[in-house]
Amino acid sequence: MPTFSAHDGTKLAYHVFGDGPPVVCLPGGPMQDSAYLGDLGGLSAHRQLIMLDLRGTGQSAIPEEVGSYRCDRLVDDVDALREHLGLDRMDLLAHSAGANPAVLYAGRHPERVGKLALITPSVRAVGITVTADVRLETARLRRDEPWFPAAFAALEAIVQGKATDDSCQAIAPFSYGRWDEAAQAHQAAGDEQRNDEAAAVFGADGAFDPDATRAALARFASPVLLLAGEADLNSPPPAMAEFSGLFPHAELVIQPGAGHVPWLDDADRFVATTAAFLG
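Because the structure is predicted, anything quoted here is derived from the model rather than measured.

1. Topic: the overall build of the protein
So, step 1. From N to C terminus, the protein includes 11 helices and eight strands.
So, step 2. For 279 residues, the compact-globule estimate of 2.2 N^0.38 gives 19 Å, and the C-alpha radius of gyration of the protein, at 18 Å, lies within 12% of that figure.
So, step 3. Considered along the principal axes of its C-alpha atoms, the protein spans approximately 50 × 40 × 40 Å.
So, step 4. Contacts spanning at least 24 positions in sequence make up 73% of the contacts within the protein whose residues lie at least 6 apart.
So, step 5. Working note: accessible area of the protein is about 11,700 Å², and carbon and sulfur atoms make up 48% of it.
So, step 6. For the protein, the separation between the mean place of its 21 positive charges and that of its 38 negative charges on side chains is 5 Å.

Next comes the structure, spelled out in structure tokens:
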């Protein structure tokens, strides 16, 4: 397992899958072990995937300063990895909450990013609002699923501010295009892979400046892919369309039937789309 030192001396780990030109991959969670990404459904057959374990997650060390978990400060870790790999420019892929440090990096260091692939991305860094109505409308696409009544009731409780301790677990099926054994195992593993202390700091005061980030992304000249899941409550297509509009050269692809983990829902379609973009 290769490691490198962040600028503050924290030892960070990354995992390498496949051969060819590298793509640096940032996991979501926030602050979840990169193991849940696997090899992104076989994308490693097309490009070498460099999976970063963010500080305090996976095989990376816990930093001395808890405040260094804040999203804007993770940008320096991404650049330290680029330097360690000896890359002047790198292609960058980010999933879910990992899209936040990815777009902050693109805004701060645009000359260092070749292509940017955002997979079912979080919108916190750019200040897009996902309304309760949009989430509920997206959820209704799954109305014929046997688990739908209980999951939808839990979702309604969440958007109404009446969530219970069990509500988040109850809506887990909405994250996947198929709530089968593979999805259930993926979900269960993910529950054990997140650093909750780090996640609490990730979005702390000062982490995001949406207006500044939007202004920076409007000048970002490199190609961008936003891949959305048709049935993804976290990153629903209307919000992804708004997100893609922040970039001068962005392509929005909506994967049919997919939830928040599109490489698990339909690996062939996901890999075909992402590999075609990355080249």
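Resuming the write-up.
2. Let's talk about the sheet that holds strand β3 (residues 22-26)
So, step 1. One open sheet holds the eight strands; their spatial order is β1-β2-β4-β3-β5-β6-β7-β8, and the pairing between them is mixed. Of all the strands in the sheet, just β1 (3-5) and β8 (250-255) have a single pairing partner and so form its edges. Direction aside, the axes of adjacent strands within the sheet are offset by 25° on average.
So, step 2. As paired elements, strand β7 (residues 224-229) and β8 share six bridges and run parallel to each other.

3. Some thoughts on the layout of surface pockets
So, step 1. As a volume, the largest pocket reaches approximately 1,200 Å³.
So, step 2. As for the largest pocket, its lining consists of 35 residues, and the residues nearest its centre are Gly29, Ser175, Arg194, Asn234 and His260.
So, step 3. Elements that contribute at least two residues to the lining of the largest pocket include exactly α3 (132-139), α4 (148-159), α5 (167-170) and α6 (181-193).
So, step 4. Tallied by class, the residues present in the lining of the largest pocket amount to 17 nonpolar, 13 polar and five charged.
So, step 5. What the second largest pocket holds in volume is close to 220 Å³.
So, step 6. Surrounding the second largest pocket, 16 residues form its lining, Asp8, Thr10, Arg55, Ser68 and Arg73 being those nearest its centre.
So, step 7. Looking at the lining of the second largest pocket, the element that brings in the most residues is helix α1 (residues 71-85), giving three residues.
So, step 8. Counted by class, the lining of the second largest pocket contains four nonpolar, four polar and eight charged residues.

4. Considerations on the packing of aromatic side chains
So, step 1. The tally for this structure, following the rule as stated, stands at 10 aromatic pairs.
So, step 2. Note on Tyr176 and Trp179: the rings are 5.7 Å apart at their centroids and 40° apart in plane angle, and the pair reads as tilted.
So, step 3. The exposure class assigned to Tyr176 is buried, which follows from its relative accessible area of 3%.
So, step 4. Connected via pairs of aromatic rings, a cluster forms that spans Trp147, Phe148, Phe152 and Phe174.
So, step 5. When the ring centre of Phe277 is taken as origin, the NZ or CZ atom of Lys115, which lies over that ring, is 5.6 Å away.

Conventions used here
- Residues numbered from 1 in each chain as written.
- Predicted model: local features only at pLDDT ≥ 70, side-chain atom pairs only at ≥ 80, totals over all residues.
- Heavy atoms only, no water.
- Helix = DSSP H or I, 4+ residues; strand = E, 2+ residues; numbered from the N terminus.
- Rg over C-alpha atoms; globule rule 2.2 N^0.38 Å.
- Contact = heavy atoms within 4.5 Å.
- Areas by Shrake-Rupley, 256 points an atom, 1.4 Å probe, with all protein chains shown as cover.
- Lys, Arg positive; Asp, Glu negative; His and termini not counted.
- Charge placed at Lys NZ, Arg CZ, Asp CG, Glu CD.
- Pairing = 2+ DSSP bridges.
- Axes fitted to C-alpha atoms, helices over the stretch in contact; angles between N-to-C directions.
- 1 Å grid on protein atoms, 1.4 Å probe; cavity = no way out; pocket = protein on both sides within 12 Å on 5 of 7 lines; lining within 4 Å.
- Points joined across faces, edges and corners; volume = space filled by probe spheres on them.
- Nonpolar A, V, L, I, M, F, W, Y, C, P; charged D, E, K, R; others polar.
- Phe/Tyr/Trp six-rings, centres within 6.5 Å; stacked < 30°, edge-to-face > 60°.
- Buried < 20%, exposed > 50% of the residue type's maximum accessible area, 1.4 Å probe, protein only.
- Lys NZ or Arg CZ within 6 Å of the ring centre and 35° of its normal.

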